[in-house]
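Secondary and tertiary structure notes
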Amino acid sequence: MIVFHRAIAPAIVCLGVASASSAAQQTAEIEPEAARSFTFELSIRNIMRGTEHVGQAPQSVAWSDDGEWIFFEWRPGGGVWSDERKWHRVRADGGEPEELSDEAADSLRFMFSGGDLSPDRSWRVTSVRGDLYLVDRGNGTPLRLTRTVEAETQPRFSGDGTRVFYRRGANLYSLSLEDSSVRQLTDFRDGPEPDEEEDAEGQRGFLEDQQEGLFENIRLKKQREEESEAREERLEGDRAKPFYLNRRERVAGLSASPDGSHVTAILATPPEESRQTLVPDWVTASGYTEDLTVRTKVGDEQSLLRVGVADAETGEVTFLDVVDPADASSCRPGSTPADTARDATGAAPPSGPTGRGGAKPPCLAQVTFGGWNEAGTQGIVFAVDFDYKAWRLFSFAAATGELTHLDALEDEAWVGGPCFLGPRAGAGGITGCMGWIPEQDRVFYVSEETGWAHLYAIDPDGSDKRPLTSGAWEVHSVLIPEEHSHFLIQTGEVSPFDRHLYRMAFDGSDRERLFEGDGRFEGWPSPDGDRMAVLHSQANRPPELLVADNRAGAELDQLTVSPTAEWLTYPWIQPEIVRFTAADGDSVPARIYRPDQFGAAPNGAGVIFVHGAGYTQNVHNGWSNYYREFMFHHFLASQGYAVLDIDYRGSAGHGRDWRTATYRWMGGKDLSDQVDGARFLVEEEGVDPARIGIYGGSYGGFITLMALFTEPDVFEAGAALRSVTDWAHYNHWYTARILNQPQDDVEAYEKSSPIYFAEGLEGHLLMAHGMVDTNVHYSDVVRLAQRLIELGKEDWEMAVYPVENHGFREPSSWTDEYRRIFELFDETIGPGVSVEQSQGSAGGSRDGS
């Protein structure tokens, strides 16, 4: 069974002052068998201490090779907010976790640094601080393979286990484990390629000919240069010829085939004429304001990508034609097809798949190499079109680069969903959303073909495609453990609000759930596959590390306790998940916090919280990333507010149609879901329709602005935190998927950006923003403030935080921000606020102009 510390019933604290009568009532409701006093103070200042109470959950979980130890990074509560996670270890059969000193962690790092396994699984190769180590998995003894200034990374065993392939700089190397010899497999060099010497013409040609004819030392010098060049050519005759990259092009990824005969290379050319945004850092050690160069804005030039296969013997590179011809004209924003049909040097590429620039322009938003088959004769590659509306999966022949189309998916909105990225290798097996099924020469991958993310398998010739999972639920992650006997998948099959682990055969049969209970489970099998390290969280408990036998129905033993004993004395609730019907008939899930759960009388006001990121999930039975807000909602409810936290349209966990419902209109259905949530509060929870507030950060701040600007009859007050105010100023990869490019779809940007609707503000608005926000820049809210000033708007204010980035760190900043949020609600919609006051007669007390 899962063991958690028992919560002790609290008294209710109003701004830090205990209420004995409400404590007695809640004790009877929550823990009637044992009325005990509590120590946790439910106040804004205490809540916003954050990690000082709940700690920082275990991460980077790794088994020792002998299966005796579990290593992880962790910081239990009780320290100060600036403490970072430290490496710990705990015996797999239980006991107290042991914190490792920095010196001990450094000396043991080769034990938990991951890496690739030899074919017989007896050795592991890893990179630690830029040097390579070979680890004997039987006794844990490391052998240092390199000690160099330049870093060696990404080590992999050859198919026969006699060599280690690794990357150094822009190239891939092979180290023999038999004689320690090193061979360079690729020779990528900065470009462009040096031009062949050309005969000078005209006046300069005459002078050069004259000098050579008149002076013997000129003739001798030229002869020596020619002899030296010929000698170099003879000496390098057994080496692969160098491949010169395009101007400014860089090597983004390399992977050698199991026999080392071929290497895939992903090459990226950064945009030359894009403009980077500058974010001032105001409070610095130098005393001067220092500019941070961060990112471009949506619609600006993007990197050009191409993928090729290099022959390790000859150096020849065959580029794979994975670009959709129909997408070519949109490769570079504002360019014409003729412009894009040139490589990064400006020269038109020759025809044919092996040309310097490829037959088609490298017009991709993403290209991912999915791995080699065991024989090394074929690889797979996943490509996403520049406009994000299609992906294609190919196999290719190593020797020729010949492509075989395996599958594709087009979406009139954009392709995406859970489990959308490529594979990554580790000592625990292969984790990712595509790869090769061991010993079957079949490809597995995840697709939203049915509207839900599911696992598929197909032969590399494109035949025998089969779904391995199906249903109105999603596959969130896929892992093949190191014994290569089955899939370990994480899904929402039981409920969209839980994530469970399943073992499943490679053909999709014999799927069985490993652990019972609600919440979220993530797992790492031991090297022998007998045990499982598990991170499990519930709505009112942060993730903890547990261990169990790797079988269905096994009991889980808890190894860590992250929160402080003080925090655990409070009976944090698991919020009830409710559903309400949206105006278009869809059923919308939400978490609800009711005053009576805290022994408080409803005050008639309601608050809606809007999670950030757009595509994330906050309505579930696991621990929320918004755990400060989770505690703040306890506080609000204890003050009599009904609080609703909605998984609005665009949120994760609910399938493709939910995910893409915001296409070309952010602030459409995602906002109407908040309006329908407000109606739910009125009709089902007795909230006064004139006393509803809304708040959220990032995407939640954007929705808050749209709510106050376009739905003033529904929302009386709102706190918009680190908000996007104009989508034309956000980044490319996120925004262009949903709204296309601003120069191509002006309508989508105008109807989705709050700055165009600022004249609609009638209620009370708080805007809060970090001044060193490198994600949603401080300039976003500054531009909106100027707009509000010019419109003559009142009842708004702005709070700025000079040292904070997008995600706040310092408790003092969190406290100040959430004190302002509570005061905003208390003064505008809270208890004692009359209907007349709530409808706007509060005057200019919050005048931000």
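Keep in mind the model is a prediction, meaning the values are calculated, not measured. (Residues numbered from 1 in each chain as written. Predicted model: local features only at pLDDT ≥ 70, side-chain atom pairs only at ≥ 80, totals over all residues. Heavy atoms only, no water.)

Quick look at the overall build of the protein now. Within the protein, the secondary structure is distributed over 17 helices and 48 strands. Per-residue burial for the protein yields a buried fraction of 55% across its 849 residues. Residue pairs in contact within the protein that sit at least 24 positions apart in sequence constitute 60% of those at least 6 positions apart. Surface summary for the protein: the accessible area is close to 35,400 Å², and the carbon and sulfur share equals 47%. (Helix = DSSP H or I, 4+ residues; strand = E, 2+ residues; numbered from the N terminus. Buried < 20%, exposed > 50% of the residue type's maximum accessible area, 1.4 Å probe, protein only. Contact = heavy atoms within 4.5 Å. Areas by Shrake-Rupley, 256 points an atom, 1.4 Å probe, with all protein chains shown as cover.)

Bringing unusual backbone geometry into the picture now. Put simply, glycine 191 and proline 192 share a cis peptide bond, and its omega is 0 degrees. Topologically, proline 192 is positioned in the loop between β15 (188–189) and α5 (202–214). For arginine 121, which is not glycine, the phi torsion reads 65 degrees and is therefore positive. Relative to the assigned elements, arginine 121 resides in the loop between β7 (116–117) and β8 (123–128). Positioned with a positive phi, glutamine 154 is a non-glycine residue whose angle comes to about 55 degrees.

Turning our attention to the sheet that holds strand β18 (residues 262–269). In space, the four strands of this open sheet follow the order β17-β18-β21-β22, with antiparallel pairing throughout. Of all strands in the sheet, those with a lone pairing partner are β17 (250–256) and β22 (317–319), marking the two edges. Here the average twist between neighbouring strands, direction ignored, is 25 degrees. Bridge count for β18 against strand β21 (residues 304–311) is eight bridges, and the pairing is antiparallel. Within the sheet, the bridge partner assigned to alanine 265 lies in β21 and is glycine 308. (Pairing = 2+ DSSP bridges. Axes fitted to C-alpha atoms, helices over the stretch in contact; angles between N-to-C directions.)

This next bit is on a negative patch on the surface. On the surface, Asp160, Glu178, Asp179 and Asp259 cluster together into a patch of negative charge. Tracing the backbone through its elements, the reader meets aspartate 259 in the loop between β17 and β18. Among the residues examined, aspartate 259 registers a relative accessible area of 40% and is labelled partly exposed. (Patch = residues over 30% accessible without salt bridge, like charges linked within 9 Å, V, L, I, M, F, W, Y side chains within 5 Å. Salt bridge = Lys/Arg side-chain N within 4 Å of Asp/Glu carboxyl O. Lys, Arg positive; Asp, Glu negative; His and termini not counted. Charge placed at Lys NZ, Arg CZ, Asp CG, Glu CD.)

Before going further, it helps to spend a moment on the side chain of histidine 729. With respect to the helices and strands, histidine 729 occurs in the loop between β46 (717–721) and α13 (732–739). Owing to a relative accessible area of 18%, histidine 729 belongs among the buried residues under this scheme. A polar side-chain atom of histidine 729 sits 3.4 Å from a polar atom in the side chain of arginine 783. When residues no more than four places from it in sequence are discounted, the contact partners of histidine 729 are Arg295, Lys297, Asp780 and Arg783. (Polar contact = N/O pair within 3.5 Å; in protein donor to acceptor, adjacent residues only side chain to side chain.)

Pairing is antiparallel in the open sheet, where four strands are placed in the order β29-β30-β31-β32. This sheet does not close on itself; its edge strands, each paired only once, are β29 (434–437) and β32 (466–467). For β29 and strand β30 (residues 442–447), the ladder comprises four bridges, and the chain directions are antiparallel. In the sheet register, glycine 435 faces β30, and the bridge partner there is phenylalanine 444.

Attention now moves to the pattern of salt bridges. Under the defined criterion, the tally for this structure stands at 51 salt bridges. A salt bridge links arginine 442 to aspartate 459, with the shortest nitrogen-to-oxygen separation between them at 2.8 Å. Of this pair, arginine 442 sits in strand β30 while aspartate 459 sits in the loop between β31 (454–458) and β32, placing them 17 residues apart in sequence. The exposure class assigned to arginine 442 is buried, which follows from its relative accessible area of 11%. When its relative accessible area of 21% is taken as the criterion, aspartate 459 is described as partly exposed. One network of salt bridges, in which partners are shared, links Asp65, Arg121, Arg124, Arg137 and Glu482.

What follows deals with the environment of glutamate 555. Positionally, glutamate 555 belongs in the loop between β39 (541–549) and β40 (557–558). Along the backbone, glutamate 555 and phenylalanine 515 are 40 residues apart, and their C-alpha atoms lie at a distance of 7.7 Å.

A few words now on the packing of helix α11 (residues 669–685) against helix α12 (residues 699–710). One way to put it is that α11 packs onto α12 with a least axis distance of 10 Å and a crossing angle of 70 degrees. For the element pair α11 / α12, the angle class is roughly perpendicular. Two packed elements cross with a definite hand, and for α11 against α12 that hand is right-handed. Judged by residue contacts, Asp670, Leu671 and Gln674 of α11 engage Tyr699, Phe702, Ile703, Met706, Ala707 and Thr710 from α12. Each residue belonging to the contact of α11 with α12 can be placed in one class, and the counts come to six nonpolar, two polar and one charged. (Parallel < 35°, antiparallel > 145°, perpendicular 65-115°, else oblique. Left-handed = near helix turned anticlockwise from the far one by under 90°. Nonpolar A, V, L, I, M, F, W, Y, C, P; charged D, E, K, R; others polar.)

Residues in a regular strand project their side chains so that they alternate between the two faces of the sheet. Sheet topology note: the strand β4 (residues 69–75)/strand β5 (residues 86–91) ladder contains six bridges and is antiparallel. Bridging from a neighbouring strand, tryptophan 69 pairs with arginine 91 of β5. Where β5 and strand β6 (residues 98–99) come together, two bridges link them in antiparallel fashion. From the neighbouring strand, histidine 88 faces β6, where its bridge partner is glutamate 99. Taken together, β5 and the strand that follows it, β6, pair antiparallel across an intervening segment of six residues, in which glycine 94 is found at a positive phi of about 110 degrees.

It is worth spelling out the state of the cysteines at this point. Per the stated rule, a full pass over the model turns up one disulfide. Each sulfur of the disulfide joining cysteine 419 and cysteine 433 lies 2.2 Å from the other. Across the disulfide from cysteine 419 to cysteine 433, rotation about the S-S bond amounts to roughly -105 degrees, and the bridge is consequently left-handed. With a gap of 14 residues between them, cysteine 419 in the loop between β26 (403–410) and β27 (424–426) and cysteine 433 in the loop between β28 (429–431) and β29 connect regions that are remote in the sequence. As far as burial versus exposure is concerned, cysteine 419 and cysteine 433 are alike and both buried. (Disulfide = S-S within 2.5 Å.)

Turning our eyes to something else, we now look at the confidence of the model for the protein. Considering every residue of the protein, the mean pLDDT works out to 88; 86% of them sit at 70 or more. Below pLDDT 50 for its whole length, residues 422–429 participates in 30 contacts with residues either more than four positions away or in separate chains. (pLDDT = per-residue confidence, 0-100.)

Here we come to the packing of aromatic side chains. Under the criterion given, the structure shown has 46 aromatic pairs. With 5.9 Å between their ring centres and 50 degrees between their planes, phenylalanine 72 and tryptophan 74 make a pair best called tilted. For tryptophan 74, a relative accessible area of 6% corresponds to the buried category. Ring centres 5.7 Å apart and planes at 75 degrees place the aromatic pair phenylalanine 188 and phenylalanine 243 in the edge-to-face group. Placement of the pair is phenylalanine 188 in strand β15 and phenylalanine 243 in strand β16 (residues 243–244), with a sequence separation of 55 residues. Looking at phenylalanine 188, the relative accessible area reads 5%, which means it is buried. Given a relative accessible area of 10%, phenylalanine 243 falls into the buried group. Among the aromatic residues, those joined into a cluster by ring pairs are Phe609, Tyr626, Phe632, Phe635, Tyr641, Tyr695, Tyr801, Phe808, Trp814, Tyr818, Phe822 and Phe825. Positioned above the aromatic ring of tyrosine 456, the side-chain terminus of lysine 465 is 5.4 Å from the ring centre. (Phe/Tyr/Trp six-rings, centres within 6.5 Å; stacked < 30°, edge-to-face > 60°. Lys NZ or Arg CZ within 6 Å of the ring centre and 35° of its normal.)

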